[in-house]
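# Structure assessment
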Amino acid sequence: MFYLIKTPWWLKKIYPSLVWNIPAEEKTIYLTFDDGPHETATPLVLRLLQQYHAKATFFCIGDNVVKNPSIYNDILQQGHAVGNHTFNHLDGWKTGDEAYLQNIAQAAKHIRSNLFRPPYGRIKKFQAKLLQQVATPFSIIMWTVLSGDFDTAISPQQCLQNVVKHTGAGSIVVFHDSAKAYQRMAFALPKVLEHFTEKGYVFKALQMAENEQER
């Protein structure tokens, strides 16, 4: 499985309209969690975040929100942000544009947010353009650092090092609250929170548009 732990400058140049990091003068990190809500992983994440007074952003699959509504509500009630991750975890490269947008719209019935992250990070430029031109435009959130927790070939220790080595002020970091990633995420996340808290960093959620927060 090939993937880049840290997003290279040239990829940001290819997709300049997507959000890869947040300009930050302060020592702020933006943790994100993809693919939930999950009945085991998400409650663990929420407990750990609460322990460190950290906020994060959860890019939710619409179908999982339907299946786990109380956990989704817990995310919101604890002050975290949410984002749309399609209804069925669709790969934009392998999905027609109309079907892709319809699936995102289906998820939007359950996830009120103008934040969107494409599953696998795969989105066609035209799909991105369409999402940025709808009545309430989406901010398409990518990442600075991949933890690699989804990769069953790496150890939990390597997952931790991926984040510690490459994360800094303004970084958007990807973990997953999913069954597949659970072992590596559950090991790495508390140590990431402890490590960066000791170094004076704070963890914040990505901001949704004002009209979305008030709906």
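Here the structure is shown first, and the text comes after it.
Residues numbered from 1 in each chain as written. Predicted model: local features only at pLDDT ≥ 70, side-chain atom pairs only at ≥ 80, totals over all residues. Heavy atoms only, no water.

The next thing to look at is helix 8 (residues 182-198). Helix length check: helix 8, at 17 residues, gives a terminal C-alpha distance of 24 Å against a target of 24 Å (1.5 Å per residue), a fit within 8%. The complete set of buried residues in helix 8 reads Arg184, Met185, Ala188, Leu189, Pro190, Val192, Leu193 and Phe196. Looking at the packing, one finds that the buried side of helix 8 touches strand 1 (28-34), helix 2 (41-51), helix 7 (156-166), strand 7 (172-176) and strand 8 (202-203). In the segment just after helix 8, Gly200 is the residue with positive phi, at about 90°. (Helix = DSSP H or I, 4+ residues; strand = E, 2+ residues; numbered from the N terminus. Expected span 1.5 Å × (residues − 1). Buried < 20%, exposed > 50% of the residue type's maximum accessible area, 1.4 Å probe, protein only. Contact = heavy atoms within 4.5 Å.)

Now for the packing of helix 2 against helix 8. It is at 10 Å that the axes of helix 2 and helix 8 come closest, and there the two elements cross at 5°. The pairing of helix 2 with helix 8 is recorded here as roughly parallel in orientation. Seen from helix 2, the contacting residues are Ala41, Leu44, Val45, Leu48 and Leu49; seen from helix 8, they are Tyr182, Met185, Ala186, Leu189, Pro190 and Leu193. A breakdown of the residues in the contact of helix 2 with helix 8 according to their chemical character gives eleven nonpolar, no polar and no charged. (Axes fitted to C-alpha atoms, helices over the stretch in contact; angles between N-to-C directions. Parallel < 35°, antiparallel > 145°, perpendicular 65-115°, else oblique. Nonpolar A, V, L, I, M, F, W, Y, C, P; charged D, E, K, R; others polar.)

Below, the discussion takes up the pattern of salt bridges. A full pass over the atoms with the stated rule returns five salt bridges. Close ionic contact of Glu26 with Lys204 constitutes a salt bridge, the shortest N to O distance being 3.5 Å. Of the two residues, Glu26 is situated in the loop between helix 1 (9-14) and strand 1 and Lys204 in the loop between strand 8 and helix 9 (210-213); the sequence distance between them amounts to 178 residues. Of the charged contacts, one joins Asp63 and Lys67 as a salt bridge, the two residues approaching to 3.0 Å between their closest N and O atoms. Residue Asp63 and its partner Lys67 are located together in helix 3 (residues 62-67), separated by four residues, close to a single helical turn. A residue is classified by how much of its surface remains accessible, and Lys67, at 57% relative accessible area, is exposed. (Salt bridge = Lys/Arg side-chain N within 4 Å of Asp/Glu carboxyl O.)

For helix 7, the set of buried residues is Pro156, Cys159, Leu160, Asn162 and Val163. Buried residues of helix 7, viewed axially, fall in a sector of 155°; they line one side. (Arc of directions from axis to C-beta.)

Structurally, His80 is set in the loop between helix 4 (69-77) and strand 3 (81-84). Here the side chain of His80 touches Ala56 through a polar contact of 3.1 Å, landing on its backbone nitrogen. In this structure His80 touches Leu46, Leu49, Ala54, Lys55, Ala56, Phe58 and Ile75, once residues within four positions along its chain are discounted. (Polar contact = N/O pair within 3.5 Å; in protein donor to acceptor, adjacent residues only side chain to side chain.)

Among the nonpolar cores identified, the biggest contains 59 residues, and Leu31, Phe33, Leu49, Phe58, Phe175 and Leu189 are the most heavily contacted of them. Among all residues touching Phe33, those that are not within four sequence positions of it are Val45, Leu49, Ala56, Thr57, Phe58, Phe59, Phe175, His176, Asp177 and Leu189. (Core = buried A, V, L, I, M, F, W, Y, C linked by side-chain atoms within 4.5 Å.)

The next thing to look at is the environment of His85. Along the chain, the position of His85 falls in the loop between strand 3 and helix 5 (97-108). What makes His85 buried here is its relative accessible area of 1%. In this structure, the C-alpha to C-alpha distance between His85 and Ile61, residues 24 residues apart in sequence, is 5.0 Å. Setting aside anything within four residues of it in sequence, one finds His85 in contact with Asp34, Asp35, Phe59, Cys60, Ile61, Phe116, Arg117, Pro118 and Pro119. Looking at His85, its side chain comes within polar contact range of the side chain of Asp35, at 3.0 Å.

With that settled, the discussion passes to the layout of surface pockets. In this structure, the largest pocket encloses a volume near 860 Å³. Taken together, 31 residues form the lining of the largest pocket, with Tyr3, Tyr120, Gly121, Trp143 and Leu146 sitting closest to its centre. Of the residues contributing to the lining of the largest pocket, the split by class is 21 nonpolar, six polar and four charged. (1 Å grid on protein atoms, 1.4 Å probe; cavity = no way out; pocket = protein on both sides within 12 Å on 5 of 7 lines; lining within 4 Å. Points joined across faces, edges and corners; volume = space filled by probe spheres on them.)

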